[in-house]
Amino acid sequence: MTAPLSQPFSIPGIPSDADAESAWIDVIRKMDETYANLVTQQVELERKNAELEEAQAFIASVLGSMTDVLIACDRDGRIEQTNPAAERALGCAGRDLTGRPLRDFLDPAFHPAFARLCSAALQREEVSDVELSLRGPTGPFPVAVNSTVRYDQRGHAIGLVLVGRPIGELRRAYRDLAAAHEGLKQTQQQLVHSEKMASLGRLVAGVAHELNNPISFVYGNAHAMRRYVDRMTAYLDRVHDGAAAAELAGLRKDLRIDRARADAAATLDGMLEGTERVRDIVAELRRFSSEQKHASERFDLTGLLRSAVTWVAKAQMPDLTVVFDLPDTLDIAGHPGHLHQVAMNLVQNAIDAMAGAAVKRLELHGREEAGRVIVTIRDTGHGIPEAILARIFDPFFTTKPVGKGTGLGLSISYQLVHDHGGALSAANHPEGGAQFTLTLPAAGQREGAGR
């Protein structure tokens, strides 16, 4: 038999070739891992360096684009960093400013103000709109300074940051703002006046209709009175001429003197009633067009609403059905002309909404409840789309065609009602159409509040 091959053997304490090879493999693997970690760390370091450079470049661009002066100081008021605008104002480069006290670049008269800024920084207080005067290369450079406290990573106050805007720019900006505000006020007054004139223009036909009735009545009665006067004058002339009793009796019958005498009082009463109605209409127009902002008086809202409907609706929509569910009187206190304008705007809006509607019905309901007068005005139009319901009182917002509305009627009405301590809201009625709710303090409530 063949002898068995000899088997490898190892001497205790001496590593074999296989163990040495395994150890080298482990060493190489560890070196690869270490190298991979170094590469990863190098990539991450380069990325962070790039981000840091981008951040520094961004900060530098922001500081360079600022027109305001920016100066960062430590707790003692020494300059640590500035932006180009500050360097131009002070006439020095940034490296020459670092470490120098800022008070050296201030007009001595403003040293106390700067000391207060530093003290506020120590107490962690922020200060705004403090005037300082920098000593620049061309002379004093006044700035309005806002100061904020600067903190380190542990939250300790380590200094302050001053941001100053040149006073000249601020004054120019204030002048421009004041001019723009004044122009806006004038434009607003013109628009409000234009809307009021537009309301008056829409009323012309209605008022003419209202005036036509009493004037026609007075005119007709005046002609009747003229005939009565002519008859009575002819009869009296014959009386003074000494005519016989028989002649006077016949003349009295022919001239219908008895009928004229009986009708004269009623005819005069009718003329007086017509003229009084004209007087009332003129008085209502005068109150409506009054520009007195503080004129306040006690008046009846029910009568005001009826006249507003009469003036607006009769001429524009003769086939309109109007339902008045109002108490005999609803006493409130305020400016009658302003609230008359509100009522007419709401009625006009309802009439416009019902143009082309199959049923034209305007309902006014009113009541007094818990010291408030509540009036609802409902039309039978198409209602208000939900998408615009929240904007219905916005200035210049209108769904009417160009030239048909300014978009200010409801907005002005909302403001006028608010000025009277009331509220105006809009909604869609469950049975169709839009409904506006006007709420005002009752006369006693408002007068009591005024005292």
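The chain is annotated in an unreviewed UniProt entry as histidine kinase from Azospirillum melinis. As recorded by UniProt, the Catalytic activity (unreviewed entry) comment attached to the chain reads in full: "ATP + protein L-histidine = ADP + protein N-phospho-L-histidine."

One ladder, built from 5 bridges, connects strand E7 (residues 321-325) with strand E9 (residues 361-369); its direction is parallel. Its bridge partner being in E9, threonine 321 is matched across the sheet by arginine 361. With 7 bridges connecting them, E9 and strand E10 (residues 372-378) associate as antiparallel partners. Bridge pairing links glycine 366 to valine 375 in E10.

This next bit is on the packing of aromatic side chains. Under the defined criterion, the tally for this structure stands at 0 aromatic pairs. Residue placement shows arginine 306 over the ring face of phenylalanine 324; its charged tip is 4.4 Å from the ring centre.

Take the pattern of salt bridges next. Taken as a whole, this structure holds 19 salt bridges when the rule is applied. A salt bridge links arginine 238 to glutamate 247; the nearest nitrogen and oxygen atoms lie 2.6 Å apart. A salt bridge links glutamate 363 to arginine 361; its shortest N-O distance comes to 2.7 Å. Among the residues examined, glutamate 363 registers a relative accessible area of 12% and is labelled buried. Judged by relative accessible area, which is 32%, arginine 361 ranks as partly exposed. Each member of the salt-bridge network shares a partner with another, and the members are Arg361, Glu363, Arg378 and Glu431.

Okay, the sheet that holds strand E5 (residues 157-166) next. Either a parallel or an antiparallel arrangement is found when strands of a sheet pair, and the pairing is made through backbone hydrogen bonds. Strands sit in the order E2-E1-E5-E4-E3 across an open sheet of 5 strands; the sheet is antiparallel. Looking at the sheet topology across the chains shown, the edges are occupied by strand E2 (79-82) and strand E3 (127-136). Each strand of the sheet is rotated relative to its neighbour by a mean of 30°, with strand direction disregarded. Sheet contacts for helix H4 (residues 111-122): E3, strand E4 (139-151) and E5; angle to E3, the most-contacted strand, approximately 130°.

Turning to the nonpolar core, a few remarks are in order. In terms of nonpolar packing, the biggest core is built from 45 residues, with Leu301, Leu362, Val375 and Phe436 touching the most fellow members. Among the secondary structure elements, those contributing two or more residues to this core are helix H8 (301-316), helix H9 (336-353), E9, E10, helix H11 (409-419), strand E11 (423-428) and strand E12 (434-441). Of all hydrophobic cores here, the second largest spans 23 residues; its members include Leu102, Phe105, Ala121 and Val145.

Each regular strand shows side chains that alternate between the opposite faces of the sheet. The buried fraction of E10 amounts to 6 of the 7 residues, a majority that puts the element mostly inside the structure. With 7 bridges connecting them, E10 and E12 associate as antiparallel partners. Bridge pairing in E12 links valine 373 to leucine 440.

Once that is clear, we can look at the sheet that holds E11. The sheet built from 5 strands is open, its strands ordered E7-E9-E10-E12-E11 with mixed pairing. Edge positions in the open sheet fall to E7 and E11, since each of these has one partner strand only. Taking each pair of neighbouring strands and ignoring which way they run, the sheet shows an average axis angle of 15°. Against the sheet, H9 contacts E9, E10, E11 and E12, and its axis sits at roughly 170° relative to E12.

Let us look at the confidence of the model for the chain. Residue-level pLDDT values for the chain average 79, and 82% of them are 70 or greater. The least confident element of the chain is helix H12 (residues 443-450), whose mean pLDDT is 57; the most confident is E10, at 94. Confidence drops under a pLDDT of 50 for residues 402-407, and excluding neighbours within four residues, the segment shows 9 contacts in the predicted structure. Within the model, the stretch residues 447-451 combines pLDDT values under 50 with 2 contacts to residues more than four positions away or in other chains.

A separate point is unusual backbone geometry. With a phi angle near 55°, arginine 256 is a residue other than glycine that sits in the positive phi range. Looking at where arginine 256 falls in the secondary structure, it is placed in the loop between helix H6 (245-254) and helix H7 (257-289). Residue arginine 256 is classed as partly exposed on the basis of its relative accessible area, which comes to 42%. In this structure, alanine 370 takes a positive phi of about 55° despite not being glycine. The residue alanine 370 is located in the loop between E9 and E10 in this model.

The rules behind these values
- Residues numbered from 1 in each chain as written.
- Predicted model: local features only at pLDDT ≥ 70, side-chain atom pairs only at ≥ 80, totals over all residues.
- Heavy atoms only, no water.
- UniProt positions renumbered as here; feature names shortened; annotations may be inferred.
- Pairing = 2+ DSSP bridges.
- Helix = DSSP H or I, 4+ residues; strand = E, 2+ residues; numbered from the N terminus.
- Phe/Tyr/Trp six-rings, centres within 6.5 Å; stacked < 30°, edge-to-face > 60°.
- Lys NZ or Arg CZ within 6 Å of the ring centre and 35° of its normal.
- Salt bridge = Lys/Arg side-chain N within 4 Å of Asp/Glu carboxyl O.
- Buried < 20%, exposed > 50% of the residue type's maximum accessible area, 1.4 Å probe, protein only.
- Axes fitted to C-alpha atoms, helices over the stretch in contact; angles between N-to-C directions.
- Contact = heavy atoms within 4.5 Å.
- Core = buried A, V, L, I, M, F, W, Y, C linked by side-chain atoms within 4.5 Å.
- pLDDT = per-residue confidence, 0-100.

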